[in-house]
Amino acid sequence: MVRAVDAVWILPPQVATLGSAVALVAALSWRAGAAFAVVVFMGLTLQSPAPFLKQWNAGQGDAALARFDDGASWVLDAGPAFSWRPERWMHRLAESGVSRVDLAVLSHLDEDHRGGLAALLAWIQVDEGVARTEHLQEARERYPGLTWRTPQENPKGGWSWFQPQVAKSANGVMLGWAWKQGERLYLNLGDAPEKLERSLERELARMGALEWTWKLSHHGSRTSTPAEWFSRFPIREAWVSAGHANQHGHPHASVLRKIPLRVRVRVTSEEGDLFW
């Protein structure tokens, strides 16, 4: 007699077909068959996963995962090396059902945004890397095993790239992105200072979403986050990726004072991973 628990492993979801599932169910007892049918149905359903974004609790750094409805997975910044070892990548990606990474994106090349990429590349297949033109040479030198390119327009439905630049400014060259799903929008501008953020206001005003989640720039540093954005744009949540009791004082008290009470503030060091 075939037990239900055995039936779960007979045919993995990724190779299941409806015809073979029906034939196998007919050969099983009704209890085992019913259990197996449920598993196959779930496997077939998961072939088109609902899109989501997970802002990982990356310590004092940035790392996130975007999963699209076609099954593609992007890693958006890779966190600092000291906290993103291969075994952590294995756990983080496995819990999200990711077995390969289609794109690794770097907003810039500060260690707390790109340091964990070497460990990621050592553990899992990554198809391509994306960085700004100004950062490509260094990215290729640091990670020669990865094919690097610049951002392409309209890579996925609702996805936008931002490539602002401000001369003679710390963090003045940055790659940012926004992901619009229906009336919701997620915005991440890396470590952009206020001057860089303000240069994007017209472009952002055309996004059209009614509910924004803004991952505050530079971990909530006092050099970022224009106060007027909270009245100009429909921001519902302000996210901060920062380490617990970090030496930089992120998120800075001056930034938190800019945020209206109607906006929910969420910090990775307090809540862990954040989901959008």
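Everything numeric here is computed off the predicted structure, so don't read it as measured data. (Residues numbered from 1 in each chain as written. Predicted model: local features only at pLDDT ≥ 70, side-chain atom pairs only at ≥ 80, totals over all residues. Heavy atoms only, no water.)

Caption draft 1: Expanded view of the pairing of strand E4 (residues 101–105). In terms of burial, E4 is a largely internal element, four of the five residues being buried. Taken together, the three bridges between strand E3 (residues 73–78) and E4 define a ladder with parallel strand orientation. The residue of E4 that forms the bridge with Trp74 is Leu103. Once the chain exits E3 it traverses helix H4 (residues 86–95) before rejoining the sheet at E4, and the crossover so formed is right-handed. As paired strands, E4 and strand E5 (residues 126–130) are joined by four bridges and run parallel to one another. Across the sheet, the residue bridging to Val105 is Val130, located in E5. (Buried < 20%, exposed > 50% of the residue type's maximum accessible area, 1.4 Å probe, protein only. Helix = DSSP H or I, 4+ residues; strand = E, 2+ residues; numbered from the N terminus. Pairing = 2+ DSSP bridges. Right-handed = clockwise from strand over helix to strand, strands pointing away.)

Caption draft 2: Quick look at the pattern of salt bridges. Summed over all chains, the structure comprises 16 salt bridges. Lys54 is paired through a salt bridge with Glu95; the nearest N and O atoms lie 3.6 Å apart. Taken together, the residues span a long stretch of sequence, with Lys54 in strand E1 (residues 52–55) and Glu95 in helix H4 at a distance of 41 residues. By relative accessible area, which is 39% here, Glu95 ends up partly exposed. Between Arg149 and Glu128 there is a salt bridge whose closest N-O contact spans 3.2 Å. On the criterion of sequence distance, the pair formed by Arg149 in strand E6 (residues 148–149) and Glu128 in strand E5 is long-range, its members being 21 residues apart. On the accessibility criterion, Glu128 (27% relative accessible area) is partly exposed. (Salt bridge = Lys/Arg side-chain N within 4 Å of Asp/Glu carboxyl O.)

Caption draft 3: Local environment of the sheet that holds strand E9 (residues 184–188). What the six strands build is an open sheet, ordered E7-E8-E9-E10-E11-E12; its pairing is mixed. Bordering the open sheet on either side are strand E7 (159–162) and strand E12 (264–267), each of which pairs with just one other strand. With strand direction ignored, the average angle separating the axes of adjacent strands in the sheet is 15 degrees. Bridging between strand E8 (residues 176–181) and E9 involves five bridges; their strand directions are antiparallel. Opposite Trp179, over in E9, you have Tyr186 as the bridge partner. (Axes fitted to C-alpha atoms, helices over the stretch in contact; angles between N-to-C directions.)

None of the figures reported here should be taken as evidence of function without further support.
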